[in-house]
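Survey of secondary and tertiary structure
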Amino acid sequence: MSTGIRRSTIADVAREAGVSTSTASVVFSGKVNVADATRQKVLAAAAALGYTGPDPRAASLRTGRSGIVGVVLGGELRHAFLDPVTTAMMDGLTDALASISTGILLLRDDPREDEPPAIAEAPVDAVVLIGCSTRAREVLDVVRQRGLPVVVIEGDGGDDVPQVTLDNREASATIARHVLELGHRRAATITLPLDSARERALITPAREASATVSVTLDRLAGFRAAFPDAVAITAAGSLVDEGYLVGRMLLATDDGALRADRPTAIVAQSDLLAVGAIRAAEELGLRVPEGLTVVGFDGIAADGLGSLELTTMAQPALEKGRAAGEQVTRMLEGEPGESVHFTCEFRAGETAARPAVRNSPVE
């Protein structure tokens, strides 16, 4: 139903300013230099008429584009931005997309019940898919059906999809070997989720066989290169609280007593999980690293460690996001996208040390 109020147009502004419509238009587009006096006259006319710029709906109809790139994240969006890695990636992505004045629409890949993925009808020109999300393959199929340019961050999109990859397996193996070389023989790992169920539970062969999150599996494989028979428990997400809960499972019995078979080292698949495990250890009376070694993965500025610096593998999260944005830009400009690979860097901190007592594996 019409409100009866007509939106001012660029032609109205031109008449008010006493200039041609084309001159008024370039003032708002910013693509052509205009004399400052003329620009000020056009802007004053626009302010008087309440005109704030071209109607984006008209621009969309004219160009066939929405000016939006969809970013598909796994799980609850409110949890995604509790992770500094995601925040850094998004910073890099928005930096790269700024050159083409493109906005970002955040979408989750876990629809309720039998709903189709949100990306199926989202008004976007291209998609960045965070590949460690649990339904990446289904989302990717929908994007392909729509014929949209797509870039996958840390996931297998197939040979025809540009990917931004990280050496997850090799990096995880590096830090696990460091723990092994310190003399630890009884280590455990806290992993990221394996699938959309996001269970906090022991990893069994059956769970691992049905896993859908490649990042978790790659980091687990790297850990097992050093500790093939070690206990592995999945967290429900990359959260400090999850690291705390799984840390308690590994270190104490239900009544709060320290387990006799507790690990002397915990290798966490994210720094946030590592911080949670350290909190659990300290609450149980274990000093880090004297009584327990804890290492992480990401290289973020983690709060809650006091004066301790976490031993971890630092990943270039900002650069990963920027690389994804650069490839999206290339494809929207008609060029083929390219895959980009990044590596992690070992960062020696203060949370790893030789075990107080040399331990042999539990029989």
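Computed from a predicted structure; not experimentally measured.

1. A word on empty space enclosed by the protein
Counted under the stated rule, the structure contains one cavity of 30 Å³ or more. Here the largest cavity is characterised by a volume of approximately 50 Å³. Looking at side-chain class alone, the lining of the largest cavity contains five nonpolar, three polar and one charged residues.

2. Side note on the packing of helix 6 (residues 84–97) against helix 13 (residues 317–332)
One can describe the packing of helix 6 onto helix 13 by two numbers: an axis separation of 6 Å at closest approach and a directional angle of 35°. By crossing handedness, the relation of helix 6 to helix 13 is classed as right-handed. For the pair formed by helix 6 and helix 13, the contact residues are Val85, Ala88, Met89, Asp91, Gly92, Leu93, Asp95, Ala96 and Leu97 on the first element and Ala317, Leu318, Lys320, Gly321, Arg322, Ala324, Gly325, Glu326, Val328 and Thr329 on the second.

3. Considerations on the sheet that holds strand 2 (residues 103–108)
Taken in spatial order, the six strands make up an open sheet running 2-1-3-4-5-12, and their pairing is parallel. With partners counted over all chains shown, the strands left at the sheet margins are strand 2 and strand 12 (340–342), one partner each. This sheet shows a mean twist of 15° between the axes of neighbouring strands, independent of strand direction. Sheet analysis places strand 1 (residues 68–73) next to strand 2, joined by six bridges and oriented parallel.

4. Quick notes on the confidence of the model for the protein
Summing up the model confidence of the protein, the mean pLDDT is 86 and the portion of residues at 70 or higher is 87%. When the criterion is pLDDT under 50, residues 59–63 qualifies, and its contacts beyond four places in sequence or with other chains add up to three contacts.

5. Quick look at helix 8 (residues 168–181)
Here helix 8 is 14 residues long and its end C-alpha atoms lie 20 Å apart, about the 20 Å a rise of 1.5 Å per residue gives. Of the residues making up helix 8, those classed as buried are Asn168, Ala171, Ser172, Ala173, Ile175, Ala176 and Val179. With its phi angle positive at about 110°, Gly183 sits one or two positions after the end of helix 8.

6. A short note on the pattern of salt bridges
Applying the stated criterion to the full structure yields 14 salt bridges. The partner of Arg287 in a salt bridge is Glu290, with the nearest N and O atoms 3.7 Å apart. When its relative accessible area of 43% is taken as the criterion, Glu290 is described as partly exposed. Among the salt bridges present, the one from Glu338 reaches Arg330, with a minimum N-O distance of 3.5 Å. For Arg330, a relative accessible area of 24% gives the class partly exposed. Among the charged side chains, a network of salt bridges with common partners joins Arg330, Glu335 and Glu338.

7. Some thoughts on helix 6
In a regular helix each residue adds 1.5 Å, so 14 residues correspond to 20 Å; helix 6 covers 20 Å between its end C-alpha atoms and thus fits that length. The set of residues buried in helix 6 consists of Val85, Thr86, Met89, Met90, Gly92, Leu93, Ala96 and Leu97. Across the axial projection of helix 6, the buried residues extend over an arc of 160°, all falling on one side. Sitting at the head of helix 6, Asp83 places a side-chain oxygen 3.0 Å from the backbone nitrogen of Val85.

8. Observations concerning the nonpolar core
Side chains of nonpolar character tend, in soluble globular proteins, to be buried together. With 73 residues, the main nonpolar core has Val128, Ile190, Phe223, Phe227, Ile266, Val294 and Val328 as its most contacted residues. Here the element with the most residues in this core is helix 12 (residues 271–283); it accounts for seven residues. When residues no more than four places from it in sequence are discounted, the contact partners of Ile266 are Ala188, Ile190, Leu250, Leu251, Ala277, Leu292, Thr293, Val294 and Val295.

9. Some words on the pairing of strand 3 (residues 126–130)
A large share of strand 3 lies buried, amounting to five of its five residues. Here strand 3 shows a buried face lined by Ala126, Val128 and Ile130 and a second buried face lined by Val127 and Leu129. Two elements, strand 1 and strand 3, share four bridges in a ladder whose sense is parallel. The residue of strand 3 that forms the bridge with Val72 is Leu129. Relative to strand 4 (residues 150–153), strand 3 is paired through four bridges, and the arrangement is parallel. The residue of strand 4 that forms the bridge with Leu129 is Val152.

10. Focus on the side chain of Thr351
You can see Thr351 is positioned in the segment after strand 13 (345–347). At a separation of 2.6 Å, a polar atom in the side chain of Thr351 contacts the main-chain carbonyl oxygen of Val294. Among the polar contacts listed, one links the side chain of Thr351 to the backbone nitrogen of Thr311, at a separation of 3.0 Å. In contact with Thr351, other than residues within four places in its own chain, are Ile278, Val288, Pro289, Leu292, Thr293, Val294, Leu308, Glu309, Leu310 and Thr311.

11. Concerning the packing of helix 11 (residues 240–251) against helix 12
Interhelical geometry of helix 11 versus helix 12 gives an angle of 50° and a closest axis separation of 6 Å. With respect to each other, helix 11 and helix 12 are oriented oblique. In the crossing of helix 11 with helix 12, the sense of the turn from one axis to the other is right-handed. Residues Val240, Glu242, Gly243, Tyr244, Gly247, Arg248 and Leu251 of helix 11 pack against Leu272, Leu273, Val275, Gly276, Ala277, Arg279, Ala280, Ala281 and Glu283 of helix 12.

Thresholds applied
- Residues numbered from 1 in each chain as written.
- Predicted model: local features only at pLDDT ≥ 70, side-chain atom pairs only at ≥ 80, totals over all residues.
- Heavy atoms only, no water.
- 1 Å grid on protein atoms, 1.4 Å probe; cavity = no way out; pocket = protein on both sides within 12 Å on 5 of 7 lines; lining within 4 Å.
- Points joined across faces, edges and corners; volume = space filled by probe spheres on them.
- Nonpolar A, V, L, I, M, F, W, Y, C, P; charged D, E, K, R; others polar.
- Axes fitted to C-alpha atoms, helices over the stretch in contact; angles between N-to-C directions.
- Helix = DSSP H or I, 4+ residues; strand = E, 2+ residues; numbered from the N terminus.
- Left-handed = near helix turned anticlockwise from the far one by under 90°.
- Contact = heavy atoms within 4.5 Å.
- Pairing = 2+ DSSP bridges.
- pLDDT = per-residue confidence, 0-100.
- Expected span 1.5 Å × (residues − 1).
- Buried < 20%, exposed > 50% of the residue type's maximum accessible area, 1.4 Å probe, protein only.
- Salt bridge = Lys/Arg side-chain N within 4 Å of Asp/Glu carboxyl O.
- Arc of directions from axis to C-beta.
- Polar contact = N/O pair within 3.5 Å; in protein donor to acceptor, adjacent residues only side chain to side chain.
- Core = buried A, V, L, I, M, F, W, Y, C linked by side-chain atoms within 4.5 Å.
- Parallel < 35°, antiparallel > 145°, perpendicular 65-115°, else oblique.

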